[in-house]
Amino acid sequence: IDLISQLFNSAFIINQNLFLLLTCTNINLSLRYGYADSTSFACIVYAFIMMHPLNRYKEGLEYVECYNRLSQIHLTPSFAGKNHFVMGSFIEPYRFPMATAIETISKAYQCSYEAGDLAYSNYCNILQIIISQMIGKPLNLTEYHIQTAALFIKKIRTNDFKALTNFRYPFS
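Since we're looking at a predicted model, the values are computed, not measured. (Residues numbered from 1 in each chain as written. Predicted model: local features only at pLDDT ≥ 70, side-chain atom pairs only at ≥ 80, totals over all residues. Heavy atoms only, no water.)

Estimated volume of the largest pocket: approximately 410 Å³. For the largest pocket, the lining is made up of 17 residues, of which Phe12, Phe85, Phe90, Tyr120 and Tyr123 are closest to its centre. The set of elements that each furnish at least two residues to the lining of the largest pocket consists of helix H2 (8-14), helix H4 (39-51), helix H6 (77-91) and helix H8 (118-134). Considering every element that reaches the lining of the largest pocket, the biggest residue donor is H8, with five residues. (1 Å grid on protein atoms, 1.4 Å probe; cavity = no way out; pocket = protein on both sides within 12 Å on 5 of 7 lines; lining within 4 Å. Points joined across faces, edges and corners; volume = space filled by probe spheres on them. Helix = DSSP H or I, 4+ residues; strand = E, 2+ residues; numbered from the N terminus.)

Pasting the structure below:
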């Protein structure tokens, strides 16, 4: 079950139908054989699918509640960052003000980094830049997120999103 969840990211990028199939398979296996470490992640991803591609907002929120109950009893550090990322990126902005989402994404970064998930840590850094701009944070706070992301990218030696961190003041 946990292995299937590891395939979600690749499937999301490569083949949306495969992403849906893997998510449903993970949920089905969890219901049939019991919860695994990744079950809460599968629930939140399923909620995302219900809410956005299928436009079944109410049913999606029911899976968010399922996720909330599971995370109280069975949240493992290896999936906590991913869970917070999906919540802050795709669920909370449709339920709460965007300022709530940036707090969740910040939490996702911490959890992802502590778990050694550098890909999700990087996604979180980039999303903090985007959300801080969307909610109208002052430029110095946005610049802080940009500098944090740039240092992180340099530290882990990746080229993903590097252009986004090249921040210059237009009038300096």
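After that view of the structure, there is still more to cover.
The next subject is the packing of H4 against helix H5 (residues 57-73). Two elements in contact, H4 and H5, have axes whose closest approach is 7 Å; the angle formed by their N-to-C orientations is 165°. The pairing of H4 with H5 is recorded here as roughly antiparallel in orientation. Helix-helix and strand crossings are classified by hand; for H4 and H5 the assignment is left-handed. Facing Thr39, Ser40, Cys43, Ile44, Tyr46, Ala47, Met50 and Met51 of H4, the residues of H5 in contact are Tyr57, Glu59, Gly60, Leu61, Tyr63, Val64, Cys66, Tyr67 and Leu70. When its residues are assigned to classes, the contact of H4 with H5 shows 13 nonpolar, three polar and one charged. (Axes fitted to C-alpha atoms, helices over the stretch in contact; angles between N-to-C directions. Parallel < 35°, antiparallel > 145°, perpendicular 65-115°, else oblique. Left-handed = near helix turned anticlockwise from the far one by under 90°. Contact = heavy atoms within 4.5 Å. Nonpolar A, V, L, I, M, F, W, Y, C, P; charged D, E, K, R; others polar.)

This brings us to the packing of aromatic side chains. Enumeration according to the criterion identifies 13 aromatic pairs in this entry. Ring centres of Phe12 and Phe19 lie 5.1 Å apart, and the angle between their planes is 75°; this geometry places the pair in the edge-to-face category. We classify Phe12 as partly exposed; its relative accessible area is 32%. Here the aromatic cluster, defined as three or more aromatic residues joined through ring pairs, consists of Phe8, Phe12, Phe19, Phe41, Phe48, Phe79, Phe85, Phe90, Tyr120 and Tyr123. Seen from the ring of Phe41, Lys82 lies directly overhead, with NZ or CZ sitting 5.8 Å from the centre. (Phe/Tyr/Trp six-rings, centres within 6.5 Å; stacked < 30°, edge-to-face > 60°. Buried < 20%, exposed > 50% of the residue type's maximum accessible area, 1.4 Å probe, protein only. Lys NZ or Arg CZ within 6 Å of the ring centre and 35° of its normal.)

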